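# Observations on chain architecture
Chain by chain, the residues run as shown.
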Amino acid sequence: MPSTSMQAIMKPAPAPGAELRQVPVPEIGPRDVLIRVRAASICGTDLHIYSWDRWAQRRLRPPLVFGHEFCGHVERIGDEVQGLKPGEFVSAEMHVSCGLCYQCRTGQSHICQYVRIIGIDADGCFAEFVKIPATNVWKIDPAIPVEYAAILDPLGNAVHTVLAGDIAGMSVAITGAGPIGLFSIAIAKACGGGPVFVTEPHPYRQKLAVKMGADHVIDPTSTDAVAEVLSHTSGTGVDVVLEMSGHPDALRQGFQMLRRGGRISLLGIPAKPLEIDLANDVIFKGAIVQGINGRRVFDTWYKMQALLKSGALKLDPLITDRMPLADFDRGIQMLLSGDASKILLYPNGSA
Ligand code: NAD
Ligand code: ZN
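Conventions adopted
Residues numbered from 1 in each chain as written. Chains lettered and ligands numbered in written order. Predicted model: local features only at pLDDT ≥ 70, side-chain atom pairs only at ≥ 80, totals over all residues. Heavy atoms only, no water. Near = heavy atom within 4 Å. Polar contact = N/O pair within 3.5 Å; in protein donor to acceptor, adjacent residues only side chain to side chain. Areas by Shrake-Rupley, 256 points an atom, 1.4 Å probe, with all protein chains shown as cover. Nonpolar A, V, L, I, M, F, W, Y, C, P; charged D, E, K, R; others polar. Buried < 20%, exposed > 50% of the residue type's maximum accessible area, 1.4 Å probe, protein only. Helix = DSSP H or I, 4+ residues; strand = E, 2+ residues; numbered from the N terminus. Arc of directions from axis to C-beta. Contact = heavy atoms within 4.5 Å. Pairing = 2+ DSSP bridges. Right-handed = clockwise from strand over helix to strand, strands pointing away.

Moving on, we get to the site of ligand 1. Residues in contact with ligand 1 amount to 21 residues; listed here are only the nearest, Ile180, Glu200, Arg205, Ile292 and Gly294. In the model, an oxygen atom of ligand 1 is placed 3.5 Å from a nitrogen or oxygen of the Gly178 main chain. In the environment of ligand 1, an oxygen atom lies 2.9 Å from a nitrogen or oxygen atom belonging to the side chain of Arg205. In isolation ligand 1 exposes 850 Å². Once the protein is present, 79% of that is buried. Its residues placed into classes, the shell around ligand 1 shows ten nonpolar, nine polar and two charged.

Glancing now at helix H1 (residues 44-51). By the burial criterion, the buried members of H1 are Asp46, Leu47, Ile49 and Tyr50. Looking down the long axis of H1, one finds its buried residues gathered within 160 degrees of arc, a one-sided arrangement. Close packing links the buried residues of H1 with strand E1 (5-11), strand E3 (32-41), helix H2 (54-59) and helix H12 (328-337). Residue Trp52 follows H1 closely and has a positive phi angle near 60 degrees.

Sheet analysis places strand E17 (residues 319-324) next to strand E18 (residues 342-346), joined by five bridges and oriented parallel. Looking at the pairing, Ile319 lines up with Lys342 of E18. Viewed along the sheet, the connection from E17 through H12 into E18 turns out right-handed.

What follows covers the sheet that holds strand E4 (residues 64-65). The pairing of strands in a sheet comes from backbone hydrogen bonds and takes either a parallel or an antiparallel form. In spatial order, the strands read E2-E1-E4; together these three strands make up an open sheet with antiparallel pairing. Looking at strand neighbours, the two that pair on one side only are strand E2 (19-24) and E4, the edges of this open sheet. Both E1 and E4 contribute to a ladder of two bridges, which runs antiparallel. Within E4, the residue paired with Lys11 across the bridge is Leu64.

All right, on to the environment of His95 then. If you trace the backbone, His95 turns up in strand E7 (residues 95-96). When the C-alpha atoms of His95 and Val159 are compared, they prove to be 16 Å apart, with 64 residues separating the residues in sequence.

This is the structure in C-alpha coordinates:
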(Lines give C-alpha, C1' and ligand atoms only; values in the text may rest on other atoms or scores of the structure.)
(Ligands and ions follow the chains in the order given, each with its own letter.)
Protein backbone atom coordinates (compact mmCIF):
# COMPACT_ATOMS: atom_id res chain seq x y z
CA MET A 1 0.00 0.00 0.00
CA PRO A 2 1.30 3.50 -0.75
CA SER A 3 1.83 5.87 2.17
CA THR A 4 -0.47 8.86 2.30
CA SER A 5 2.05 11.30 0.87
CA MET A 6 4.39 11.29 -2.13
CA GLN A 7 6.96 13.36 -3.97
CA ALA A 8 5.77 15.35 -6.95
CA ILE A 9 6.94 18.12 -9.28
CA MET A 10 4.51 20.97 -8.76
CA LYS A 11 3.68 24.33 -10.13
CA PRO A 12 2.70 25.72 -6.71
CA ALA A 13 1.68 29.20 -7.84
CA PRO A 14 1.15 31.15 -11.09
CA ALA A 15 4.83 32.00 -11.70
CA PRO A 16 7.84 30.59 -13.61
CA GLY A 17 9.60 27.45 -12.34
CA ALA A 18 8.52 24.31 -10.50
CA GLU A 19 9.20 22.67 -7.13
CA LEU A 20 9.67 19.18 -5.77
CA ARG A 21 7.11 18.91 -2.97
CA GLN A 22 5.60 16.34 -0.64
CA VAL A 23 1.89 16.12 -1.52
CA PRO A 24 -1.00 13.74 -0.66
CA VAL A 25 -1.29 10.54 -2.76
CA PRO A 26 -4.39 11.06 -4.98
CA GLU A 27 -7.63 9.55 -3.71
CA ILE A 28 -9.40 7.48 -6.33
CA GLY A 29 -13.10 7.29 -7.13
CA PRO A 30 -15.01 4.08 -8.02
CA ARG A 31 -14.05 4.30 -11.73
CA ASP A 32 -10.44 5.41 -11.27
CA VAL A 33 -7.13 3.61 -11.13
CA LEU A 34 -4.12 4.60 -9.02
CA ILE A 35 -0.87 3.97 -10.89
CA ARG A 36 2.63 3.82 -9.41
CA VAL A 37 4.71 5.74 -11.96
CA ARG A 38 7.72 3.81 -13.21
CA ALA A 39 9.04 6.31 -15.75
CA ALA A 40 7.75 9.69 -16.93
CA SER A 41 8.96 11.80 -19.82
CA ILE A 42 9.24 15.57 -20.24
CA CYS A 43 7.25 17.08 -23.12
CA GLY A 44 7.57 20.46 -24.85
CA THR A 45 4.28 21.40 -23.15
CA ASP A 46 6.02 21.00 -19.78
CA LEU A 47 8.56 23.59 -20.91
CA HIS A 48 5.71 26.04 -21.52
CA ILE A 49 4.30 25.26 -18.07
CA TYR A 50 7.72 25.64 -16.46
CA SER A 51 8.49 28.92 -18.27
CA TRP A 52 4.96 30.17 -17.52
CA ASP A 53 4.43 31.64 -20.98
CA ARG A 54 1.23 33.28 -22.23
CA TRP A 55 -0.37 29.96 -23.12
CA ALA A 56 0.35 28.53 -19.64
CA GLN A 57 -0.88 31.67 -17.90
CA ARG A 58 -4.20 31.46 -19.70
CA ARG A 59 -4.67 27.70 -19.41
CA LEU A 60 -3.37 26.54 -16.01
CA ARG A 61 -4.84 26.96 -12.57
CA PRO A 62 -2.04 26.17 -10.05
CA PRO A 63 -1.39 24.45 -7.70
CA LEU A 64 -0.86 21.58 -10.14
CA VAL A 65 1.30 18.46 -10.42
CA PHE A 66 2.24 18.43 -14.09
CA GLY A 67 3.54 15.76 -16.51
CA HIS A 68 1.48 13.70 -18.94
CA GLU A 69 3.81 11.08 -20.51
CA PHE A 70 4.41 7.99 -18.38
CA CYS A 71 4.16 4.28 -17.74
CA GLY A 72 3.67 2.47 -14.46
CA HIS A 73 2.06 -0.34 -12.53
CA VAL A 74 -1.53 -0.46 -11.32
CA GLU A 75 -1.43 0.10 -7.56
CA ARG A 76 -5.14 0.12 -6.74
CA ILE A 77 -8.44 0.07 -8.65
CA GLY A 78 -11.80 1.69 -7.84
CA ASP A 79 -14.76 -0.50 -6.79
CA GLU A 80 -16.45 -0.37 -10.21
CA VAL A 81 -13.35 -0.98 -12.36
CA GLN A 82 -13.32 -4.17 -14.40
CA GLY A 83 -10.59 -5.68 -16.58
CA LEU A 84 -7.60 -4.23 -14.71
CA LYS A 85 -5.77 -5.56 -11.70
CA PRO A 86 -2.98 -4.44 -9.36
CA GLY A 87 0.52 -5.01 -10.74
CA GLU A 88 -0.41 -4.66 -14.43
CA PHE A 89 1.98 -2.54 -16.52
CA VAL A 90 0.12 0.34 -18.14
CA SER A 91 0.21 3.78 -19.70
CA ALA A 92 -2.72 6.09 -20.37
CA GLU A 93 -4.42 8.39 -22.84
CA MET A 94 -4.24 11.65 -20.90
CA HIS A 95 -6.96 13.45 -22.86
CA VAL A 96 -10.13 12.76 -20.92
CA SER A 97 -13.14 13.32 -23.15
CA CYS A 98 -16.61 14.21 -21.89
CA GLY A 99 -18.50 11.36 -23.58
CA LEU A 100 -21.50 13.62 -24.19
CA CYS A 101 -20.63 16.19 -26.86
CA TYR A 102 -21.35 15.74 -30.58
CA GLN A 103 -17.77 14.63 -31.34
CA CYS A 104 -17.65 12.12 -28.49
CA ARG A 105 -20.94 10.61 -29.67
CA THR A 106 -19.83 10.29 -33.28
CA GLY A 107 -16.50 8.51 -32.84
CA GLN A 108 -14.30 11.62 -32.70
CA SER A 109 -13.58 11.88 -29.00
CA HIS A 110 -10.01 13.04 -29.78
CA ILE A 111 -11.56 16.42 -30.64
CA CYS A 112 -14.01 16.47 -27.72
CA GLN A 113 -15.41 19.95 -27.04
CA TYR A 114 -14.84 19.61 -23.31
CA VAL A 115 -11.59 17.63 -23.18
CA ARG A 116 -9.62 17.79 -19.93
CA ILE A 117 -5.94 16.89 -20.02
CA ILE A 118 -4.34 15.15 -17.05
CA GLY A 119 -1.12 17.04 -16.25
CA ILE A 120 -2.63 20.32 -17.50
CA ASP A 121 -6.19 20.51 -16.16
CA ALA A 122 -5.74 17.89 -13.41
CA ASP A 123 -2.78 16.51 -11.44
CA GLY A 124 -0.35 14.61 -13.67
CA CYS A 125 2.41 12.04 -13.60
CA PHE A 126 5.58 13.83 -12.38
CA ALA A 127 4.91 12.08 -9.09
CA GLU A 128 5.16 8.70 -7.41
CA PHE A 129 1.47 8.06 -8.16
CA VAL A 130 -1.09 9.32 -10.66
CA LYS A 131 -4.88 8.88 -10.76
CA ILE A 132 -6.40 7.96 -14.15
CA PRO A 133 -10.01 7.15 -15.13
CA ALA A 134 -10.07 3.40 -15.88
CA THR A 135 -11.39 3.99 -19.41
CA ASN A 136 -8.22 5.96 -20.24
CA VAL A 137 -5.78 3.30 -19.05
CA TRP A 138 -3.84 1.42 -21.76
CA LYS A 139 -2.31 -1.98 -20.98
CA ILE A 140 1.22 -2.39 -22.30
CA ASP A 141 1.88 -5.42 -24.44
CA PRO A 142 4.78 -7.38 -22.87
CA ALA A 143 6.69 -7.22 -26.20
CA ILE A 144 7.07 -3.44 -25.86
CA PRO A 145 10.27 -2.15 -24.19
CA VAL A 146 9.66 -0.41 -20.85
CA GLU A 147 11.31 2.84 -21.96
CA TYR A 148 9.12 3.04 -25.06
CA ALA A 149 6.07 2.61 -22.82
CA ALA A 150 6.89 5.97 -21.19
CA ILE A 151 6.73 7.88 -24.50
CA LEU A 152 3.57 6.48 -26.09
CA ASP A 153 1.80 9.84 -25.81
CA PRO A 154 4.11 11.77 -28.20
CA LEU A 155 4.76 8.66 -30.29
CA GLY A 156 0.99 8.48 -30.71
CA ASN A 157 0.94 12.09 -31.98
CA ALA A 158 3.45 11.03 -34.63
CA VAL A 159 1.57 7.83 -35.55
CA HIS A 160 -1.67 9.81 -35.85
CA THR A 161 -0.04 12.40 -38.14
CA VAL A 162 1.94 10.04 -40.37
CA LEU A 163 -1.02 7.67 -40.84
CA ALA A 164 -3.60 10.41 -41.43
CA GLY A 165 -3.35 9.59 -45.16
CA ASP A 166 -1.45 7.35 -47.59
CA ILE A 167 2.23 6.96 -46.75
CA ALA A 168 3.55 3.81 -48.51
CA GLY A 169 5.52 4.77 -51.61
CA MET A 170 5.17 8.47 -50.84
CA SER A 171 7.93 11.05 -50.61
CA VAL A 172 7.71 12.85 -47.26
CA ALA A 173 9.00 16.14 -45.85
CA ILE A 174 9.01 16.64 -42.09
CA THR A 175 9.49 20.22 -40.91
CA GLY A 176 10.94 20.21 -37.37
CA ALA A 177 12.96 17.40 -35.79
CA GLY A 178 11.78 17.68 -32.21
CA PRO A 179 10.86 14.34 -30.65
CA ILE A 180 7.62 14.06 -32.63
CA GLY A 181 9.27 14.89 -35.96
CA LEU A 182 12.01 12.37 -35.18
CA PHE A 183 9.50 9.65 -34.30
CA SER A 184 7.74 10.41 -37.57
CA ILE A 185 10.85 9.60 -39.60
CA ALA A 186 10.91 6.07 -38.16
CA ILE A 187 7.15 5.60 -38.61
CA ALA A 188 7.11 6.87 -42.22
CA LYS A 189 10.01 4.56 -43.10
CA ALA A 190 8.46 1.57 -41.30
CA CYS A 191 5.28 2.11 -43.31
CA GLY A 192 7.05 2.21 -46.67
CA GLY A 193 7.35 5.98 -47.06
CA GLY A 194 10.37 7.68 -48.60
CA PRO A 195 12.52 9.40 -49.40
CA VAL A 196 12.16 11.35 -46.15
CA PHE A 197 13.34 14.98 -46.09
CA VAL A 198 13.73 16.73 -42.74
CA THR A 199 14.22 20.45 -42.10
CA GLU A 200 15.68 21.40 -38.72
CA PRO A 201 17.92 24.30 -37.66
CA HIS A 202 19.39 22.74 -34.49
CA PRO A 203 22.61 20.73 -35.12
CA TYR A 204 22.01 18.18 -32.32
CA ARG A 205 18.58 17.37 -33.71
CA GLN A 206 19.86 17.25 -37.29
CA LYS A 207 22.21 14.48 -36.16
CA LEU A 208 19.35 12.61 -34.51
CA ALA A 209 17.35 12.90 -37.73
CA VAL A 210 20.18 11.18 -39.59
CA LYS A 211 20.29 8.45 -36.92
CA MET A 212 16.55 7.92 -37.29
CA GLY A 213 16.97 7.23 -40.99
CA ALA A 214 16.15 10.53 -42.73
CA ASP A 215 17.41 10.53 -46.33
CA HIS A 216 18.03 14.29 -46.55
CA VAL A 217 18.46 16.56 -43.52
CA ILE A 218 18.30 20.23 -44.40
CA ASP A 219 19.33 23.21 -42.27
CA PRO A 220 16.78 25.87 -43.30
CA THR A 221 18.97 28.62 -41.87
CA SER A 222 21.78 27.96 -44.34
CA THR A 223 20.05 26.24 -47.28
CA ASP A 224 16.99 27.08 -49.38
CA ALA A 225 14.92 24.18 -48.04
CA VAL A 226 12.20 24.46 -50.70
CA ALA A 227 14.69 24.52 -53.60
CA GLU A 228 16.53 21.56 -52.07
CA VAL A 229 13.38 19.43 -51.84
CA LEU A 230 12.26 20.43 -55.34
CA SER A 231 15.67 19.55 -56.77
CA HIS A 232 15.40 16.01 -55.34
CA THR A 233 11.83 15.51 -56.59
CA SER A 234 12.27 16.54 -60.24
CA GLY A 235 10.70 19.91 -59.44
CA THR A 236 7.42 18.26 -58.41
CA GLY A 237 7.56 18.56 -54.61
CA VAL A 238 6.81 15.89 -52.03
CA ASP A 239 3.63 13.84 -51.75
CA VAL A 240 3.27 14.40 -48.00
CA VAL A 241 4.36 17.20 -45.65
CA LEU A 242 4.24 16.66 -41.90
CA GLU A 243 4.54 20.03 -40.14
CA MET A 244 6.03 19.38 -36.71
CA SER A 245 7.64 22.65 -35.64
CA GLY A 246 4.86 25.25 -35.34
CA HIS A 247 7.38 27.75 -36.71
CA PRO A 248 5.89 30.20 -39.28
CA ASP A 249 8.83 29.85 -41.69
CA ALA A 250 8.65 26.05 -41.58
CA LEU A 251 4.91 26.16 -42.18
CA ARG A 252 5.26 28.36 -45.25
CA GLN A 253 8.13 26.26 -46.58
CA GLY A 254 6.10 23.11 -45.94
CA PHE A 255 3.29 24.38 -48.16
CA GLN A 256 5.79 25.38 -50.85
CA MET A 257 7.55 22.01 -50.95
CA LEU A 258 4.24 20.11 -51.20
CA ARG A 259 3.39 18.81 -54.68
CA ARG A 260 0.10 19.71 -56.36
CA GLY A 261 -2.58 17.45 -54.91
CA GLY A 262 -0.39 16.45 -51.97
CA ARG A 263 -1.29 16.14 -48.30
CA ILE A 264 -0.02 18.48 -45.59
CA SER A 265 -0.76 17.42 -42.02
CA LEU A 266 -0.32 20.13 -39.41
CA LEU A 267 0.63 19.08 -35.89
CA GLY A 268 3.01 21.89 -34.80
CA ILE A 269 1.31 24.67 -32.89
CA PRO A 270 2.19 28.23 -33.97
CA ALA A 271 2.47 30.68 -31.07
CA LYS A 272 0.18 33.16 -32.83
CA PRO A 273 -1.87 33.57 -36.04
CA LEU A 274 0.19 33.70 -39.21
CA GLU A 275 -0.12 34.47 -42.92
CA ILE A 276 -0.11 31.80 -45.63
CA ASP A 277 -0.51 32.23 -49.39
CA LEU A 278 -3.84 30.37 -49.62
CA ALA A 279 -4.32 31.03 -53.34
CA ASN A 280 -0.98 29.58 -54.48
CA ASP A 281 -0.15 27.15 -51.71
CA VAL A 282 -3.55 25.59 -51.06
CA ILE A 283 -6.24 26.42 -53.61
CA PHE A 284 -4.45 26.27 -56.97
CA LYS A 285 -2.40 23.38 -55.62
CA GLY A 286 -5.46 21.36 -54.65
CA ALA A 287 -3.65 20.69 -51.37
CA ILE A 288 -5.23 18.46 -48.76
CA VAL A 289 -4.74 20.29 -45.46
CA GLN A 290 -5.34 18.46 -42.20
CA GLY A 291 -5.24 19.65 -38.61
CA ILE A 292 -4.02 16.93 -36.26
CA ASN A 293 -5.01 16.92 -32.60
CA GLY A 294 -3.80 14.37 -30.07
CA ARG A 295 -4.29 10.70 -30.84
CA ARG A 296 -7.39 8.96 -32.17
CA VAL A 297 -8.78 7.14 -29.14
CA PHE A 298 -7.98 4.29 -29.26
CA ASP A 299 -7.40 3.61 -32.98
CA THR A 300 -4.00 5.33 -32.91
CA TRP A 301 -3.01 3.30 -29.83
CA TYR A 302 -3.77 -0.01 -31.56
CA LYS A 303 -1.80 1.02 -34.65
CA MET A 304 1.10 2.19 -32.50
CA GLN A 305 1.10 -1.10 -30.61
CA ALA A 306 1.18 -3.08 -33.86
CA LEU A 307 4.07 -0.98 -35.18
CA LEU A 308 6.04 -1.40 -31.95
CA LYS A 309 5.38 -5.15 -31.81
CA SER A 310 6.61 -5.55 -35.38
CA GLY A 311 10.01 -4.33 -34.17
CA ALA A 312 10.16 -1.84 -37.04
CA LEU A 313 10.48 1.23 -34.80
CA LYS A 314 13.94 1.68 -33.31
CA LEU A 315 13.51 4.62 -30.96
CA ASP A 316 16.50 4.18 -28.64
CA PRO A 317 18.54 7.09 -30.09
CA LEU A 318 15.73 9.43 -29.06
CA ILE A 319 15.80 8.55 -25.38
CA THR A 320 18.79 10.75 -24.71
CA ASP A 321 18.81 11.06 -20.90
CA ARG A 322 17.51 9.39 -17.73
CA MET A 323 17.39 10.99 -14.27
CA PRO A 324 15.64 10.90 -10.89
CA LEU A 325 12.49 13.02 -10.45
CA ALA A 326 14.42 15.41 -8.20
CA ASP A 327 16.69 16.38 -11.17
CA PHE A 328 13.72 17.76 -13.08
CA ASP A 329 15.18 21.28 -13.34
CA ARG A 330 18.33 19.93 -15.00
CA GLY A 331 16.18 18.05 -17.53
CA ILE A 332 14.22 21.20 -18.34
CA GLN A 333 17.42 23.20 -18.91
CA MET A 334 18.77 20.49 -21.26
CA LEU A 335 15.57 20.53 -23.28
CA LEU A 336 15.52 24.32 -23.43
CA SER A 337 19.04 24.24 -24.90
CA GLY A 338 17.86 21.79 -27.58
CA ASP A 339 20.65 19.32 -26.69
CA ALA A 340 18.28 16.52 -25.70
CA SER A 341 15.25 14.71 -27.10
CA LYS A 342 13.27 12.48 -24.73
CA ILE A 343 14.33 12.67 -21.08
CA LEU A 344 12.99 10.01 -18.71
CA LEU A 345 12.36 10.73 -15.02
CA TYR A 346 12.13 7.97 -12.41
CA PRO A 347 9.92 8.96 -9.44
CA ASN A 348 10.16 5.54 -7.75
CA GLY A 349 13.89 4.87 -8.23
CA SER A 350 15.80 4.01 -11.40
CA ALA A 351 14.62 1.48 -13.97
P1 NAD B 1 9.78 20.62 -30.26
O2 NAD B 1 9.55 22.04 -29.91
O3 NAD B 1 10.77 19.83 -29.48
O4 NAD B 1 10.18 20.49 -31.80
C5 NAD B 1 10.06 21.51 -32.72
C6 NAD B 1 11.32 21.48 -33.58
O7 NAD B 1 11.14 22.40 -34.64
C8 NAD B 1 12.59 21.88 -32.81
O9 NAD B 1 13.57 20.88 -32.91
C10 NAD B 1 13.00 23.18 -33.50
O11 NAD B 1 14.40 23.35 -33.52
C12 NAD B 1 12.40 22.98 -34.89
N13 NAD B 1 12.27 24.22 -35.65
C14 NAD B 1 12.23 25.50 -35.22
N15 NAD B 1 12.18 26.36 -36.26
C16 NAD B 1 12.19 25.60 -37.38
C17 NAD B 1 12.17 25.91 -38.77
N18 NAD B 1 12.11 27.18 -39.21
N19 NAD B 1 12.19 24.88 -39.65
C20 NAD B 1 12.23 23.59 -39.23
N21 NAD B 1 12.27 23.26 -37.91
C22 NAD B 1 12.23 24.25 -37.02
O23 NAD B 1 8.36 19.95 -30.20
P24 NAD B 1 7.77 18.45 -30.27
O25 NAD B 1 7.52 17.99 -28.89
O26 NAD B 1 8.50 17.58 -31.21
O27 NAD B 1 6.37 18.86 -30.91
C28 NAD B 1 6.30 19.37 -32.22
C29 NAD B 1 5.21 20.41 -32.35
O30 NAD B 1 3.93 19.79 -32.18
C31 NAD B 1 5.24 21.54 -31.32
O32 NAD B 1 4.82 22.74 -31.95
C33 NAD B 1 4.20 21.09 -30.31
O34 NAD B 1 3.64 22.20 -29.60
C35 NAD B 1 3.19 20.45 -31.20
N36 NAD B 1 2.32 19.43 -30.59
C37 NAD B 1 1.07 19.35 -31.10
C38 NAD B 1 0.22 18.37 -30.64
C39 NAD B 1 -1.15 18.28 -31.22
O40 NAD B 1 -1.95 17.50 -30.70
N41 NAD B 1 -1.43 19.00 -32.29
C42 NAD B 1 0.63 17.46 -29.66
C43 NAD B 1 1.93 17.55 -29.19
C44 NAD B 1 2.78 18.55 -29.67
ZN1 ZN C 1 -16.80 15.34 -25.65
